[in-house]
Amino acid sequence: RVLLEIGDIIDPDDDVVMVYLSGNSGPDHTLTAVNPPLELAALSPQGLKQLFDAAGIRWRIVVVSTCEAGTWIDALKDDETVVIASSAAGVRGADCAGGLRPGVFADAFFGAAMRRADDLPAAFDAARKRLAEQHAAEPVMFVGASIAEQLKALRQRGKGRVVASFDARSDGRRQ
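(A) Broad picture of the pattern of salt bridges. In total, this model carries 9 salt bridges according to the counting rule given. Between Lys77 and Asp74 there is a salt bridge, with its nearest N and O atoms 3.7 Å apart. The class of Lys77 is partly exposed, set by a relative accessible area of 40%. Classification of Asp74 as exposed rests on a relative accessible area of 59%.

What follows is the structure, given as structure tokens:
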């Protein structure tokens, strides 16, 4: 529902939507969600791609922090998508268990690198270096050619805005 709402209020030709997913994953790499008393469905990479398509969200940045997060890259990669994974496919990352606190990847990427870097590749590189110093799993990134140009154009125009944010751990209200 959140992606459909976001799809309704963005400019699909211009706006870029970033989604951060973190948590436990099953052997098939689907993210499992537990939030009693709600019964939540597991989310697969293919399922997320279908949700983006159904919402009409063209420009996508997906950040995934889970066990073998790199497996999400193959399912999501296309010309209009960036996928950042906390570890490569086949590598059990430090953030496998999920939890309420940010893991080492989230801390390195969002807590430190994104605050200081002036673009996404620079933030990724800074987080990668920080994680290497901590002997954590090396993150991986895929950047589609078209979204690279879109991000460059938005940056040159100085255009950046937050339309809505949602924290599944909160009371569910948009922020």
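(B) Just the packing of helix 1 (residues 2-9) against helix 2 (residues 45-55), in detail. Axis separation between helix 1 and helix 2 bottoms out at 8 Å; the angle between their running directions is 35 degrees. Here the hand of the crossing between helix 1 and helix 2 comes out right-handed. Contact with helix 1, carried on its side by Leu3, Leu4 and Gly7, involves Leu48, Leu51, Phe52, Ala54 and Ala55 of helix 2 and no other residues of that element. In terms of residue class, the contact of helix 1 with helix 2 is built from 7 nonpolar, 1 polar and no charged.

(C) The nonpolar core, seen in detail. Leu3, Leu21, Leu48, Phe52, Ile57, Val62 and Trp72 are the most contacted members of the largest nonpolar core, which has 20 residues in total. Sequence-distant contacts of Val62, defined by excluding residues within four places in its chain, comprise Val19, Leu21, Leu48, Phe52, Leu76, Val82, Val83 and Ile84. One finds Val82, Phe105, Phe109 and Ala113 within the second-largest nonpolar core, a separate group that totals 15 residues.

(D) A look at the packing of helix 4 (residues 104-116) against helix 5 (residues 120-133). Contact geometry for helix 4 and helix 5: axes closest at 9 Å, N-to-C directions at 130 degrees. When the axis of helix 4 is compared with that of helix 5, the two are oblique. Between helix 4 and helix 5 lies a crossing of right-handed hand. Across the interface between the two elements, Val104, Phe105, Asp107, Ala108, Phe109, Ala112, Ala113 and Met114 from helix 4 touch Leu120, Ala123, Phe124, Ala126, Ala127, Arg130 and Leu131 from helix 5. Its residues assigned to classes, the contact of helix 4 with helix 5 shows 13 nonpolar, no polar and 2 charged.

Procedures and definitions
- Residues numbered from 1 in each chain as written.
- Predicted model: local features only at pLDDT ≥ 70, side-chain atom pairs only at ≥ 80, totals over all residues.
- Heavy atoms only, no water.
- Salt bridge = Lys/Arg side-chain N within 4 Å of Asp/Glu carboxyl O.
- Buried < 20%, exposed > 50% of the residue type's maximum accessible area, 1.4 Å probe, protein only.
- Axes fitted to C-alpha atoms, helices over the stretch in contact; angles between N-to-C directions.
- Helix = DSSP H or I, 4+ residues; strand = E, 2+ residues; numbered from the N terminus.
- Left-handed = near helix turned anticlockwise from the far one by under 90°.
- Contact = heavy atoms within 4.5 Å.
- Nonpolar A, V, L, I, M, F, W, Y, C, P; charged D, E, K, R; others polar.
- Core = buried A, V, L, I, M, F, W, Y, C linked by side-chain atoms within 4.5 Å.
- Parallel < 35°, antiparallel > 145°, perpendicular 65-115°, else oblique.

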